[in-house]
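Understanding the architecture of this molecule
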Amino acid sequence: MRLQKVLATTAGLVVLISATAAQAQSLARRMDLLRLQDEVSAVAVQAFSDFESACPATLPRMQTLLADPRFDRIEVEVRRQFLFALMICAEVKEPPVALDAAARLEAIASEPSDLAAVYSMRISEALQRDDKAEAARRFLELAEQSPAVAATWEPELVSGFANGVPGDPDLSLKVLKTLVELPWDKPASKSAARNGWALAYGRLLADRGQTAEAARAVDKADELYVLLMIAGDRRFATLWPSWEAKKRFDWTALAEAQLARARTEMTDLPDQLRPAVDALEMLRALGRSEEAVLIGQAYTARLDDGERFDDAGAQEELLRVAVGGALLDLGKVAEAEASYRAAAASSPTRAFDAGLALAGLLTDERKGREATTVLNALDRDYLTPAGRAWLDGRRACAMASNDTKGAETIVADLRKTRDDVPGPLSLALLCLGHVEEAGDLLAWRLRSEQHRAGGLDPYWITRPPTYVAPGRAAFERSRQAMLDRPEARKALAETGRPVETPLSGDYWGGF
């Protein structure tokens, strides 16, 4: 009997000890999971603090954390933030990792911003591969699945296919119709829908012989650039008499109206830089570069003082570049260079607009080696194939004065990409003085439905700036010789017409 009691007591103790051990193990597992969750959260916060500097250091650790079999047991909100950060960090350098993060984020998406980020990632990755068709289809998926989410996007997010998809007119027509008809909720996107996207849509319709539909597509256009294209492109020739009668080709009035809209938005959207960038463009077009400098520098001073703007990430560089352009219009070369360098400093390897502008200034001032150094410092991984071609076009121009052989090698490579992006080749040919080939290329561009728009740019007759640098003067002589080539004149007569304007700024000197 006593033995039975002893055995029973022993068994009870074993059960108690086993239960206590199980609880301890469970607690240890929960503590391990909490530690993992804390690290996941901390890494995400670190990445969000400064993507440009933090991502290279954190990306390997983020990949390890994502591969942890316990990751999916972490709280959903922590996973959401982490996956969002991982997508941004891995987007360029590790696209498969970014796509995996996008798929896992979509599975737990709870906010419209999650879905927008997922599709933005997929579209960006497709464009990096130069697959505009997939990018366009992804956008259509989002627009059909959640039009309210798609309608929150800024124009830059669809710029890769906003002129259509080469070789696929049906997909082009569908995506452009969607771009024009979505109920956009931001001023910039609303403006793009009635202007740039409507113009691309109208061109496609005109190419199909749907002239009346093409005219209706562009009927609400009110941006200077779009009206210039309509005035010069014979696809819209049926509109010319009536629009001229209605003074819709009054270039000064158009620029003044666009400037007035930008000023209104500057008041209505005080936390945005985009309206100021638009205002500077119109002031320069109107020849009021002194005023553009004053407004632009007032904004850059606020940025330098630490004031925050909602769109600074996308627009600060463009604002500083616009200020530099206005200063250059006035012949203030050193100040323009300083503005470009300030813009480039915001992201030394990714500030492509600033890098190209700075390199252009240095090239025009006969400082080709310095310009080449600036261009070579830019990280090509962040560019689409078209972007890399433009970078190479600028490199050829920078090298034309000190490394002709290297420049010619670049030109040979640009000839291979002519059918997709001919503009950089045209630039490089003019920099190297190959006027005859440049004239042939211009004639080809004008006769191409896809590339006619860029071919018409050189035929905008505008005012030169106050100061024209030595290198730019030489380029202008080559450009005028290209325009005078018989094959170019013949192609223009078939497809468009010159457009005379009192404009200046960046509207001068197209190629």
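Refer to the preceding data block for the structure.
In this convention, every chain numbers its residues from 1, walking through the sequence in written order. Side-chain atom pairs in this predicted model are given and counted only at pLDDT of 80 or more, local residue features only at pLDDT of at least 70, and totals for whole chains, interfaces and linings cover all residues. In computing side-chain properties, one takes all heavy atoms of the structure into account and sets aside hydrogens as well as water.

**Some thoughts on the overall build of the chain**
Applied cut-off: Here a helix means four or more residues in a row that DSSP labels H or I, a strand means two or more in a row labelled E, and each is numbered from the N terminus. Whether a residue is buried, partly exposed or exposed follows from its accessible area with a 1.4 Å probe, protein chains only, as a fraction of its type maximum: under 20%, in between, or over 50%, in that order. Should any heavy atoms of two residues lie within 4.5 Å, those residues are counted as being in contact. All accessibility values rest on the Shrake-Rupley procedure with a 1.4 Å probe; residue burial counts only the protein chains present in the view. Charge assignment in this entry is limited to Lys and Arg as positive and Asp and Glu as negative, and neither His nor the chain termini are counted. Where a charge lies is defined by one atom per residue type: Lys uses NZ, Arg uses CZ, Asp uses CG and Glu uses CD.
Assigned secondary structure in the chain consists of 27 helices and 2 strands. The buried share of the chain, taken over its 511 residues, is 49%. Partitioning the intrachain contacts of the chain with sequence separation of at least 6 by distance along the chain shows that 66% fall at a separation of at least 24. Of the roughly 23800 Å² that the chain leaves accessible, carbon and sulfur atoms contribute 54%. One finds the centroid of the 64 positive side-chain charges in the chain at a distance of 2 Å from the centroid of its 76 negative side-chain charges.

**Observations regarding the pattern of salt bridges**
The line we're drawing: A carboxyl oxygen of Asp or Glu within 4 Å of a side-chain nitrogen of Lys or Arg is what we treat as a salt bridge.
Under the defined criterion, the tally for this structure stands at 46 salt bridges. Arg122 is paired through a salt bridge with Glu106; the nearest N and O atoms lie 2.8 Å apart. With Arg122 in helix H5 (residues 112–128) and Glu106 in helix H4 (residues 95–107), the pair connects residues that are 16 residues apart, well separated along the chain. Overall, the relative accessible area of 12% leaves Arg122 in the buried class. Judged by its relative accessible area of 27%, Glu106 falls in the partly exposed class. Among the ionic pairs, Asp419 bridges to Arg418, the shortest N-O distance being 2.9 Å. Given a relative accessible area of 44%, Asp419 falls into the partly exposed group. Since its relative accessible area comes to 27%, Arg418 is described here as partly exposed.

**Description of the packing of aromatic side chains**
We count it as follows: Ring geometry is summarised as follows: Phe, Tyr and Trp rings, the Trp one being its six-membered ring, pair when their centres sit within 6.5 Å, and such pairs are stacked at plane angles under 30 degrees, edge-to-face over 60 and tilted between the two. Lysine NZ or arginine CZ positioned within 6 Å of the ring centre and within 35 degrees of the ring normal marks a charge as sitting over the ring.
In the structure shown here, the tally under the stated rule is 12 aromatic pairs. Ring plane angle 35° and centroid distance 6.2 Å describe the contact between Trp460 and Tyr507, whose orientation is recorded as tilted. You can see Trp460 sitting in strand E1 (residues 460–461) and its partner Tyr507 sitting in the segment after strand E2 (499–500), a full 47 residues away along the chain. As far as burial versus exposure is concerned, Trp460 and Tyr507 are alike and both buried. Counting every residue linked through ring pairs, the aromatic cluster contains Phe139, Trp153 and Phe161. The side chain of Arg302 reaches across the aromatic face of Tyr299, ending 5.0 Å from its centre. Here Arg497 stacks its cationic end above the ring of Trp240, 3.7 Å away from the centre of that ring.

**Some points on helix H27 (residues 486–495)**
For clarity, the threshold we go by: Relevant arc is that of directions from the helix axis to the C-beta atoms, nothing else.
Buried residues of H27: Glu487, Ala488, Ala491, Leu492 and Thr495, and no others. The buried residues of H27 occupy an angular sector of 135° when the element is viewed end-on, so they sit on one face. Turned more than 90 degrees away from the buried face of H27, the exposed residues are Pro486, Arg489, Lys490 and Ala493. Summarising the contacts, the buried residues of H27 are in contact with helix H12 (224–232), helix H24 (435–447), helix H25 (452–456) and helix H26 (470–483).

**Structural notes on the side chain of Thr363**
When you line up the elements, Thr363 lands in helix H19 (residues 352–364). Those residues in contact with Thr363 that lie beyond four places of it in its chain are Ala371, Cys397 and Ala398.

**Side note on the state of the cysteines**
To keep things clear, this is the line we draw: Here, the term disulfide refers to a pair of cysteine sulfur atoms separated by no more than 2.5 Å.
Throughout the structure, instances matching the rule amount to 2 disulfides. Disulfide pairing places Cys397 opposite Cys431 at an S-S distance of 1.9 Å. Residues Cys397 and Cys431 are joined by a disulfide whose S-S torsion is about 90°; by sign, that bridge is right-handed. Here the residue Cys397 occupies a position in helix H21 (residues 385–399), and Cys431 occupies one in helix H23 (residues 423–431), the gap between them amounting to 34 residues. A relative accessible area of 6% means that Cys397 is categorised as buried. The disulfide pattern of the chain is 1-2, 3-4 when the bonded cysteines are numbered in sequence order.

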